[in-house]
Amino acid sequence: MESTEILEKIREAELKVEEDIAKAKEDAQDIIRNAKEEAGKIIEDAEKEAEKIKSEILEKAKSQIEKEKQDLRNSLSKEISEIESKGKSNLQNAVEFLYKEFIGMIEYAQA
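For clarity, every value in this text was computed on a predicted model and none was experimentally measured.

Chemist: Please provide a residue-by-residue account of the overall build of the protein chain, values included.
Modeler: The helix and strand inventory of the protein chain stands at one helix and zero strands. If one aligns the C-alpha atoms of the protein chain with their principal axes, the spans along those axes are about 160 × 20 × 10 Å. Across the protein chain, 20 positive and 29 negative side-chain charges occur, with their mean positions spaced 7 Å apart.

See below:
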């Protein structure tokens with residue numbers, strides 16, 4: 001082989017290596033771009049799932065709070081009814097007591 005042929009083959013080999021390097025760089029950039037896109041999708045999906053879970057937790061908490069409020073209303077309503085009932089029976093006793101006292105005072109005053 002002549003030296004020109006050898007140099008030509010070396011040059012062809014160098015060109016082939018440069019093409020392979022350029023192709024490898026392109027492939028690496030494609031891989032990086034695809035990985036970033038996939039990571040972005042994963043993050044977006046995770047954020048959506050987190051938002052969904054947050055909404056579910058808030059909805060459960062609101063429901064529990066409403067139930068507790070209703071239970072408290074029912075309990076207080078029952079207490080109010082009991083106090084009102086006792087007040088009505090005490091009112092009758094108070095009226096009778098005052099009536100007797102009034103009559104007693106009138107009888108005392110006439111005596």
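Chemist: I'd like a rundown of the pattern of salt bridges, residues and numbers included.
Modeler: Following the criterion strictly, the structure yields eight salt bridges and no others. Taking the shortest distance from any N to any O, the salt bridge between aspartate 20 and lysine 16 comes out at 3.0 Å. Of this pair, aspartate 20 and lysine 16 both sit in helix α1 (residues 3–110), four residues apart, which is roughly one turn of that helix. In this structure aspartate 20 comes out as partly exposed when scored by relative accessible area, which is 39%. With relative accessibility at 47%, the residue lysine 16 sits in the partly exposed group. Measuring nitrogen to oxygen at the nearest pair gives 2.9 Å for the salt bridge that ties lysine 23 to aspartate 27. On the criterion of helical spacing, the pair formed by lysine 23 and aspartate 27 is a turn pair, its members being four residues apart in helix α1.

Chemist: Please provide a residue-by-residue account of the environment of alanine 61, values included.
Modeler: Looking at the secondary structure, you find alanine 61 in helix α1. Alanine 61 sits 27 residues away from asparagine 34 along the chain, and the two C-alpha atoms are 40 Å apart.

Chemist: Describe a nonpolar patch on the surface, with residues and values.
Modeler: Residues Ile6, Leu7 and Ile10 make up a contiguous nonpolar surface patch of roughly 270 Å² in combined accessible area. Note that isoleucine 10 resides in helix α1.

Calculation rules
- Residues numbered from 1 in each chain as written.
- Predicted model: local features only at pLDDT ≥ 70, side-chain atom pairs only at ≥ 80, totals over all residues.
- Heavy atoms only, no water.
- Helix = DSSP H or I, 4+ residues; strand = E, 2+ residues; numbered from the N terminus.
- Lys, Arg positive; Asp, Glu negative; His and termini not counted.
- Charge placed at Lys NZ, Arg CZ, Asp CG, Glu CD.
- Salt bridge = Lys/Arg side-chain N within 4 Å of Asp/Glu carboxyl O.
- Buried < 20%, exposed > 50% of the residue type's maximum accessible area, 1.4 Å probe, protein only.
- Patch = residues over 30% accessible without salt bridge, like charges linked within 9 Å, V, L, I, M, F, W, Y side chains within 5 Å.
- Areas by Shrake-Rupley, 256 points an atom, 1.4 Å probe, with all protein chains shown as cover.

The values are spatial; any link to function lies outside them.
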